[in-house]
Amino acid sequence: MEDTYKHKGMRKSLLKILKQKGIKDEAVLQAVYKVPRHFFFENAFLEHAYQDKAFPIGEGQTISQPYTVAFQTELLQLKPGEKVLEIGTGSGYQCCILLEMGARVTTIEFNQNLHNKVKVMLPKMGYNPNFILGDGSKGYTANAPYHKIIVTAAAPFVPGVLIKQLVPGGNLVIPVGDQKLQKMLRIIKTENKTLIKEEFDNFSFVPLLGEHGWKDNE
Ligand code: SAM
C-alpha cells in the first residue's frame, strides 16, 4: 500500500478536526500526521481511514477513533525515550503513534489472531515495539517499571497492579466504567508515591478482559 499526497492531505484535514475538538499538543498532532492510518484498513474500506471514527478490525474489536487516540496520548504527557506499556494492541495504530513520539513501547494483546497480525504488519511499516501476547489487565512485570501506562479497553476498576508497575512521577491513563460508557481517568503516581486521580470526558471502549477486567458472562 502507498502513502500518497492525497493521503497526507486527508491527514492534514484530520488534524484540523482534532484541533477543533481540543487537541493542543503539537507532538501528538505531528504523530497523527506521520502514521498512515489507511494502512490499517482493507482496500474496500479505505475511505473510512481518515474519518474521525472507530472502525471494526475483526475479532469483534475496533481501531480506536483518532480523537480518542489523540486525547489519551495527550493525557500521557509523553517525553521522548520514556518507557510505555500499552494494554490492548488491537490494530497497532495507537502503538505507532506512541513510537512516533519517541517512546519505547511494550504493547500487550489478549487476542492471539490480532497479536499475530500486528506482529507482522508493524515491523513492515518500520515500527518495532515489544509485542506481548497475554493478559494486560495484570500489566507486564518483565519490562516494568514504566513511565506511562495506557489502557485502550474499558476497565471495571483501576487495577492496583498497574499502579505498582509505574515509576514515581509516572501516570496511568485508563477508561473506567461499565461496558457501555467509561470515564477517562489519569492516575498520577507522585515522586513520594501518593496518587492523584483526575477525571475527564466519557468514552466508549470494548471491554478489558482478563483477571482484573470483565469476565465473559458479566
Ligand atoms: N489500541 C488499539 C488500536 O490502536 O487499534 C485499540 C484497542 S481495542 C479498542 C481494545 C483491545 O484490547 C482489543 O484488541 C482487545 O482484544 C484488547 N484486550 C481486551 N482485554 C485485554 C487484556 N486483558 N489484555 C490485553 N488486551 C486486551
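In what follows, the structure referred to is the one given above.
From a predicted model like this one, the values you see are computed outputs, not experimental measurements.

Peer 1: Looking at this structure, I do not really get the site of the ligand. What am I missing?
Peer 2: Neighbouring the ligand are 26 residues, the closest being S91, Q94, E109, G136 and L209. Between the ligand and G88 there is a distance of 3.0 Å, counted from a nitrogen atom to a backbone nitrogen or oxygen. Interatomic distance of 2.6 Å between a side-chain N/O atom of S91 and an oxygen atom of the ligand. Here the ligand, which alone exposes 610 Å², has 98% of that area covered by the protein. When residues of the shell around the ligand are traced back to their parent elements, those giving at least two are β2 (61-63), α4 (93-100) and β4 (104-109). Class assignment of the residues belonging to the shell around the ligand gives a composition of 10 nonpolar, 13 polar and three charged.

Peer 1: So what exactly am I meant to see when it comes to the packing of helix α2 (residues 26-34) against α4 here?
Peer 2: Two measures define how a pair of helices packs: the angle their axes make with one another and the distance between the axes. Two elements in contact, α2 and α4, have axes whose closest approach is 9 Å; the angle formed by their N-to-C orientations is 125°. Classed by the angle they form, the pair α2 and α4 counts as oblique. Considering the relative orientation of α2 and α4, their crossing is right-handed. When α2 is examined against α4, the residues A31, V32 and K34 are found in contact with a partner set consisting of Y93, I97 and E100. Among the residues forming the contact of α2 with α4, the class breakdown is four nonpolar, no polar and two charged.

Peer 1: Where do I start with the environment of A49 in this structure?
Peer 2: As for its placement among the helices and strands, A49 is situated in the loop between α2 and β1 (55-58). Once the C-alpha coordinates of A49 and H38 are considered, the two residues, 11 residues apart in sequence, prove to be 4.9 Å apart. If we ignore the near neighbours within four places in the chain, the residues touching A49 are R37, H38 and F41.

Peer 1: Mind showing me how you'd approach the state of the cysteines here?
Peer 2: Applying the stated rule across the entire model yields zero disulfides. Left unpaired, C95 is separated from the closest cysteine sulfur, that of C96, by 5.7 Å. Here C95 falls in the buried class, since its relative accessible area comes to 0%.

Peer 1: Please explain the packing of aromatic side chains as it appears in this structure.
Peer 2: To describe a pair of aromatic rings, you give the distance between the ring centres and the angle between the ring planes. Applying the stated rule across the entire model yields eight aromatic pairs. Ring centres 5.4 Å apart and planes at 55° place the aromatic pair F45 and F55 in the tilted group. Here the residue F45 occupies a position in the loop between α2 and β1, and F55 occupies one in strand β1, the gap between them amounting to 10 residues. On the basis of relative accessibility, which here comes to 13%, the residue F55 falls in the buried class. An angle of 50° between the planes, with centres 6.4 Å apart, marks the rings of F203 and F205 as tilted. By relative accessible area, F203 is classed as buried at 8%. Of the aromatic side chains, those joined through ring pairs into one cluster are Y67, F71, F200, F203 and F205. It is R11 that lies over the ring of Y33; its NZ or CZ is 5.8 Å from the centre.

Peer 1: Teacher, can you tell me more about helix α3 (residues 66-76) here?
Peer 2: Each full turn of the α-helix corresponds to 3.6 residues, which orients residues three or four apart in the same direction. Most of α3 is tucked away, with 10 of its 11 residues classed as buried. Those residues of α3 not exposed but buried are P66, Y67, T68, V69, A70, F71, Q72, T73, L75 and L76. Looking one or two residues past α3, Q77 carries a phi angle of roughly 50°, positive in sign.

Peer 1: What is the right way to read the nonpolar core from this model?
Peer 2: With 47 residues, the main nonpolar core has L18, I23, F40, Y93, I97, L98 and L122 as its most contacted residues. Those elements that place two or more of their residues in this core are α1 (5-20), α2, β1, α3, α4 and α5 (112-124). Residues contacting I23, with those up to four places away along its chain left out, are L18, V28, L29, Y67, A70, F71 and E74. Counting residues in hydrophobic clusters, the runner-up holds 18 residues, among them I132, I149, L162 and L166.

Calculation rules
- Residues numbered from 1 in each chain as written.
- Predicted model: local features only at pLDDT ≥ 70, side-chain atom pairs only at ≥ 80, totals over all residues.
- Heavy atoms only, no water.
- Near = heavy atom within 4 Å.
- Polar contact = N/O pair within 3.5 Å; in protein donor to acceptor, adjacent residues only side chain to side chain.
- Areas by Shrake-Rupley, 256 points an atom, 1.4 Å probe, with all protein chains shown as cover.
- Helix = DSSP H or I, 4+ residues; strand = E, 2+ residues; numbered from the N terminus.
- Nonpolar A, V, L, I, M, F, W, Y, C, P; charged D, E, K, R; others polar.
- Axes fitted to C-alpha atoms, helices over the stretch in contact; angles between N-to-C directions.
- Parallel < 35°, antiparallel > 145°, perpendicular 65-115°, else oblique.
- Left-handed = near helix turned anticlockwise from the far one by under 90°.
- Contact = heavy atoms within 4.5 Å.
- Disulfide = S-S within 2.5 Å.
- Buried < 20%, exposed > 50% of the residue type's maximum accessible area, 1.4 Å probe, protein only.
- Phe/Tyr/Trp six-rings, centres within 6.5 Å; stacked < 30°, edge-to-face > 60°.
- Lys NZ or Arg CZ within 6 Å of the ring centre and 35° of its normal.
- Core = buried A, V, L, I, M, F, W, Y, C linked by side-chain atoms within 4.5 Å.

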